[in-house]
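# Residue-level structure breakdown
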Amino acid sequence: MSSIVDRTLFSEPSGRLLGVVYLSGALLLSGSYGYYVLLTDFTPNRFTLVMSAGMALSGAAESLPKRRRRAAGLLRIASISVLVSLLVVISSAPELLSA
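Here we summarise the structure given alongside this text. Since we're looking at a predicted model, the values are computed, not measured.

Attention now moves to the overall build of the chain. On a plain count of helices and strands, the chain comes out with four helices and zero strands. Along the chain, helices and strands appear, N-terminal first, in the series α-α-α-α. Considered along the principal axes of its C-alpha atoms, the chain spans approximately 55 × 30 × 15 Å. Taken over 99 residues, the chain has a buried fraction of 23%. A separation of at least 24 residues holds for 69% of the contacts in the chain among residues at least 6 apart in sequence. The chain carries 9 positive and 5 negative side-chain charges, and their two centres are separated by 13 Å.

Given below as structure tokens:
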């Protein structure tokens with residue numbers, strides 16, 4: 001019997017539509033960060049870049065073909081690791097994310 005983690009993380013990718021949603025979110029976050037850095041003198045917190053990286057990894061995982069379950073699972077694990085590390089940094093040393 002397979003575990004819940006195995007069924008969840010290493011399941012078939014959900015499809016390109018969900019991948020496009022995640023990748024669009026990552027592009028939106030990166031674009032807003034770039035806008036504030038390049039066109040204004042305001043530098044936002046760096047957590048938007050970390051969230052963008054996590055969303056991009058999730059989008060890449062969901063965009064893979066259905067037969068690439070292991071690669072999708074590894075990308076999902078990487079995405080979760082990036083986002084959990086963001087939570088750890090926010091709770092332990094929030095000054096690392098400030099501009």
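Let us look at the packing of aromatic side chains. Taken as a whole, this structure holds one aromatic pair when the rule is applied. A ring pair is formed by Tyr35 and Tyr36, whose centres lie 5.3 Å apart and whose planes are at 75 degrees; its orientation type is edge-to-face. On the basis of relative accessible area, Tyr35 is assigned to the partly exposed category, the value being 42%.

Once that is clear, we can look at the packing of helix H3 (residues 47-63) against helix H4 (residues 69-92). Any two packed helices are characterised by the angle at which their axes cross and by the distance between the axes. In the contact formed by H3 and H4, the axes pass within 8 Å of each other and the chain directions differ by 165 degrees. Judged by the inter-axis angle, H3 sits roughly antiparallel to H4. Crossing of H3 over H4 shows left-handed handedness. Counting all contacts with H3, which are made through Phe47, Val50, Met51, Gly54, Leu57, Ser58, Ala60, Ala61 and Glu62, the residues of H4 involved are Ala72, Leu75, Arg76, Ala78, Ser79, Val82, Leu83 and Leu86. Split by residue class, the contact of H3 with H4 holds twelve nonpolar, three polar and two charged.

Our focus in this paragraph is the environment of Met51. Mapped onto the secondary structure, Met51 falls in helix H3. Overall, Met51 belongs to the partly exposed group, its relative accessible area being 32%. Excluding its chain neighbours within four sequence positions, the residues that come into contact with Met51 are Leu29, Leu83 and Leu86.

Thresholds, definitions, all that
Residues numbered from 1 in each chain as written. Predicted model: local features only at pLDDT ≥ 70, side-chain atom pairs only at ≥ 80, totals over all residues. Heavy atoms only, no water. Helix = DSSP H or I, 4+ residues; strand = E, 2+ residues; numbered from the N terminus. Buried < 20%, exposed > 50% of the residue type's maximum accessible area, 1.4 Å probe, protein only. Contact = heavy atoms within 4.5 Å. Lys, Arg positive; Asp, Glu negative; His and termini not counted. Charge placed at Lys NZ, Arg CZ, Asp CG, Glu CD. Phe/Tyr/Trp six-rings, centres within 6.5 Å; stacked < 30°, edge-to-face > 60°. Axes fitted to C-alpha atoms, helices over the stretch in contact; angles between N-to-C directions. Parallel < 35°, antiparallel > 145°, perpendicular 65-115°, else oblique. Left-handed = near helix turned anticlockwise from the far one by under 90°. Nonpolar A, V, L, I, M, F, W, Y, C, P; charged D, E, K, R; others polar.

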